[in-house]
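Examination of the molecular architecture
The lines below spell out each chain.
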Protein chains: 2
Amino acid sequence: MKRIKLIVAYDGTNYSGWQVQPNGETIEGVLNRTLSGLLHEEIKVTGASRTDAGVHSLGNVAVFDTDTRIPPEKIAYALNPFLPDDIVVQDSCEVSGDFHPRHCDSRKTYEYKILNRTFPLPTRRLDTYFLYGKLDVERMQAAGDYLVGIHDFKSFCSANTAVETTVRRIYDLQVERQGEVITIRVTGSGFLYNMVRIIAGTLIQAGRGELEPEEMREILEARDRKAAGPTAPAHGLTMTGIDFL
Amino acid sequence: MKRIKLIVAYDGTNYSGWQVQPNGETIEGVLNRTLSGLLHEEIKVTGASRTDAGVHSLGNVAVFDTDTRIPPEKIAYALNPFLPDDIVVQDSCEVSGDFHPRHCDSRKTYEYKILNRTFPLPTRRLDTYFLYGKLDVERMQAAGDYLVGIHDFKSFCSANTAVETTVRRIYDLQVERQGEVITIRVTGSGFLYNMVRIIAGTLIQAGRGELEPEEMREILEARDRKAAGPTAPAHGLTMTGIDFL
C-alpha cells in the first residue's frame, strides 16, 4: 500500500465543485470513478482545497492510497487519457503514509481575475469576472494590504460554516493590472468558506471608490459578514497552487 | 437606410463557423436572427472573415443595412443582452453605403496559439493547441520569414477551393513565446482557405526540426498543398482584428 499525491488542474465551469455531492458531477467524483476503473480498486481521494462550483484550479492536490504496481510518476500519464478534457492531472508522485493535504501546514495561492473593459470578451468569459467601469488598482492594493498578516477573518467568511477558528494568516496579497485583466493574487495558510471571493468583492468596492482602504481595518474588527463587500462570482477564481511547508 | 458596421468577438467552440450552414448553428445565423428580432426588419449581415468551425475572433467585422432609428453607436449595447455569452459585439458604427468588408483593401491579423508543456491545461483547452515536446521558436520565426511579402500561397490553401488567384500578401509574421504559450501572429491582405492553419502546421514542423527553414522557399514554389505541413486544429486560431485601408 502506498500513498499517491496528484496535482490536479481543472476548468470548474461544468462541475458542482470539488466535493462529492448527492446531485451533480464533481471533480472528486470524477477522480474517484476514473482512478477506481484504472487501478481496479475502490479509490477515494482526499483533496487539499474543496473548491466551490465554478471555481478553477491549476494545481489542487489530491491524495489516495493504492496497491497498484504502476510507478507513482506514471499514474498521471495513465490516468489523463480516461479523464474529461476539463480535468488534467499535472503530476503524480508517492508521499509518506502520514501525509494529509488538509492537516499539513501549507501555503495556498488563489487568483481572482477581473476583466475590466467596456464589453465582455467571449474567450475570457469562463475564467474572468467581467466588470465595466473604472477600477483603481492602487486603491485595491492599499485596501488589500490591511488583510496581510494574522487576522480573524470572520467578516470574510460566509455565514453558517462551522469552523473551530476564523483566524487565518495571509502571507501575501497583490493586485496587478495587465492590460484589461486585473488579478488579485492571495497566498495564505488556508482560507475560510468563500473568503477569497469576499475579499475580491470588497477590494472591488475599494477600487470603485465605494470604500476607503482604511475601512478594511473596521471591517476586520467587526467580525461580521455583513461588514464586508459582496461575494464575487465563482468563475473569476482559480486556485493556482499549494506549497506544503 | 443606413449601413452599420459591427465588431464581433466570439468563442467559436460551439459553432459551425461564421457562415450560415444548412445544419448547425453559426455566428452569422445568430447575428441575423438576433438583429432581425431586435430591429423588426429582416437583417442579413455580411462578414469580413468567414471563419471555420471552432475558430475564435476578437474583432471580426459584420455589415448590414437597416432603417432602425437606434443610434448606430448604441446598437452594440442594445444587441448584446440578446446574444449568447459566447458572441459579444464590441462596437457598432455607421459606415458609408458602399462599404463592403470583403471588397475593401484591408489588413487582417490572425493569431495561432500553441500551448507547449508536458500536460494540457484545462483552462486553455478551448483557445490553444496543446503540443508536447521541444519547439524551437527561432527556427519557426526563420521559416515564417520566407512567407512575408507577396507570394503565390497555393501550397498553403486547402484543395478544392475555387478562387481567382492564390497570390496573397503577408505584411508581417511573428512567432513569440510567452511562458508556455507560443503565438504565431500573421497579418495579411487576405487569407486563402485554411491558410493560417496550414502555415501554423508547417511552422510547427520547422520548430520540431522536421523541416529546415530554407525549405519554405521550395514549399512556396511547389504550388502544391502536399508540399506544406498539416493543417493545425481550428481551436488554436483566433482572428484578432481587421484594419481597412
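What you see as residue numbers is a count from 1 along each chain, following the sequence as written. All chains are assigned letters beginning with A, and all ligands numbers beginning with 1, in the order in which they are written. Under the rules for a predicted model, residues below a pLDDT of 70 receive no local features and side-chain atom pairs below 80 are neither given nor counted, while totals for whole chains, interfaces and linings still include all residues. Only hydrogens and water are set aside when side-chain values are computed; all heavy atoms of the structure are taken into account.

Labelled according to an unreviewed UniProt entry, chain A appears under the name tRNA pseudouridine synthase A, originating from Candidatus Eubacterium avistercoris. UniProt positions are given in the numbering used here, feature names are shortened, and annotations may be inferred rather than shown by experiment. Word for word, the UniProt comment on chain A under Catalytic activity (unreviewed entry) is "uridine(38/39/40) in tRNA = pseudouridine(38/39/40) in tRNA". UniProt annotates chain A under Subunit (unreviewed entry) with the comment "Homodimer."

Chain A puts 24 residues into the contact, and the matching count from chain B is 25 residues. The contact between chain A and chain B buries some 1900 Å² in all, and 67% of this surface belongs to carbon and sulfur atoms. When the buried area of chain A at its contact with chain B is split by residue, A:F119, A:P122 and A:R125 rank highest and sum to 33% of it. Throughout this description, the term salt bridge denotes a Lys or Arg side-chain nitrogen within 4 Å of a carboxyl oxygen of Asp or Glu. There are two salt bridges connecting chain A and chain B. Across the pair B:D11 and A:R125 runs a salt bridge whose closest N-O atoms are separated by 2.8 Å. N or O atoms within 3.5 Å of each other form a polar contact, as long as, within protein, one can give a hydrogen and the other can take it, and as long as residues adjacent in sequence are counted only when both atoms are side-chain atoms. For the pair chain A and chain B, the number of links is six residue pairs in polar contact (both at pLDDT 80 or more). For the side of chain A that touches chain B, the secondary structure elements donating two or more residues are β1 (2–10), β3 (56–66), α2 (75–79) and β4 (87–95) of chain A. For this analysis, residues touch if any pair of their heavy atoms sits within 4.5 Å. Summed over both partners, the accessible surface that disappears when two parts come together, traced with a 1.4 Å probe, is what is meant by buried area. Runs of H or I in DSSP of at least four residues are treated as helices and runs of E of at least two as strands, each being numbered from the N terminus.

Attention now moves to the packing of aromatic side chains. For any pair of aromatic rings, the description consists of the separation of the ring centres together with the inter-plane angle of the planes. Residues and elements named next belong to chain B. In this analysis, rings of Phe, Tyr and Trp, with Trp reduced to its six-membered ring, are considered paired at centre separations within 6.5 Å, and the interplanar angle assigns stacked below 30 degrees, edge-to-face beyond 60, and tilted for intermediate values. In this structure the tally under the stated criterion is twelve aromatic pairs over all chains. In this scheme, Lys NZ or Arg CZ marks a charge over a ring once it lies within 6 Å of the ring centre and within 35 degrees of the ring normal. Of note, K74 hangs over the ring of Y77, and the distance from its end group to the ring centre comes to 6.0 Å. One cation-aromatic arrangement involves R107 over Y171; the distance from NZ or CZ to the ring centre is 3.9 Å.

So, on to unusual backbone geometry. All names here are of chain B. The phi dihedral of H40 falls on the positive side, at around 55°, and the residue is not glycine. Relative to the helices and strands, H40 resides in the loop between α1 (27–39) and β2 (46–47). The exposure class assigned to H40 is exposed, which follows from its relative accessible area of 72%. Within the chain, R223 stands out as a residue other than glycine whose phi angle is a positive 50°. On the secondary structure map, R223 appears in the loop between α5 (215–222) and β10 (237–244). With relative accessibility at 44%, the residue R223 sits in the partly exposed group. Throughout this description, buried means an accessible area under 20% of the type-specific maximum (1.4 Å probe, protein chains only), exposed means over 50%, and partly exposed covers the range between.

Moving on, we get to the domain arrangement of chain A. Residues and elements named next belong to chain A. Along its sequence, chain A is carved into domain 1 (2–95) and domain 2 (106–244). Measuring from the centre of the C-alpha atoms in domain 1 to the corresponding centre in domain 2 gives 27 Å. Each side of the interface is counted separately: domain 1 has 16 residues, and domain 2 has 16 residues. When domain 1 packs against domain 2, close to 1100 Å² is buried across both sides, 58% of that on carbon and sulfur atoms. Area buried by domain 1 at its contact with domain 2 is led by D52, V55 and H56, which between them contribute 39% of it. The interface formed by domain 1 and domain 2 holds one salt bridge in total. Between D52 and R197 there is a salt bridge, with the nearest N and O atoms lying 3.0 Å from each other. Across the contact surface, domain 1 and domain 2 share eight residue pairs in polar contact (both at pLDDT 80 or more). Here the limits of each domain have been adopted from an automatic or database domain assignment.

Moving on: the packing of helix α3 (residues 137–145) of chain A against helix α4 (residues 195–207) of chain A. All names here are of chain A. Where α3 contacts α4, the two axes come as close as 8 Å, and the packing angle between them is 130°. One way to sum up the angle between α3 and α4 is to call them oblique. For the crossing formed where α3 meets α4, the hand is right-handed. Where α3 approaches α4, its residues R139, M140, A143 and G144 are matched on the opposing element by L203, I204, A206 and G207. Angular values range over 0 to 180 degrees, each being the angle between N-to-C directions of two axes fitted as lines to C-alpha atoms, with helices fitted over their stretch in contact. Every angle not falling under 35 degrees, over 145, or within 65 to 115 is termed oblique; those three ranges are roughly parallel, roughly antiparallel and roughly perpendicular. Whether a crossing is left-handed or right-handed is set by the direction in which the near helix is turned from the far one by less than a right angle, anticlockwise for left-handed and clockwise for right-handed.

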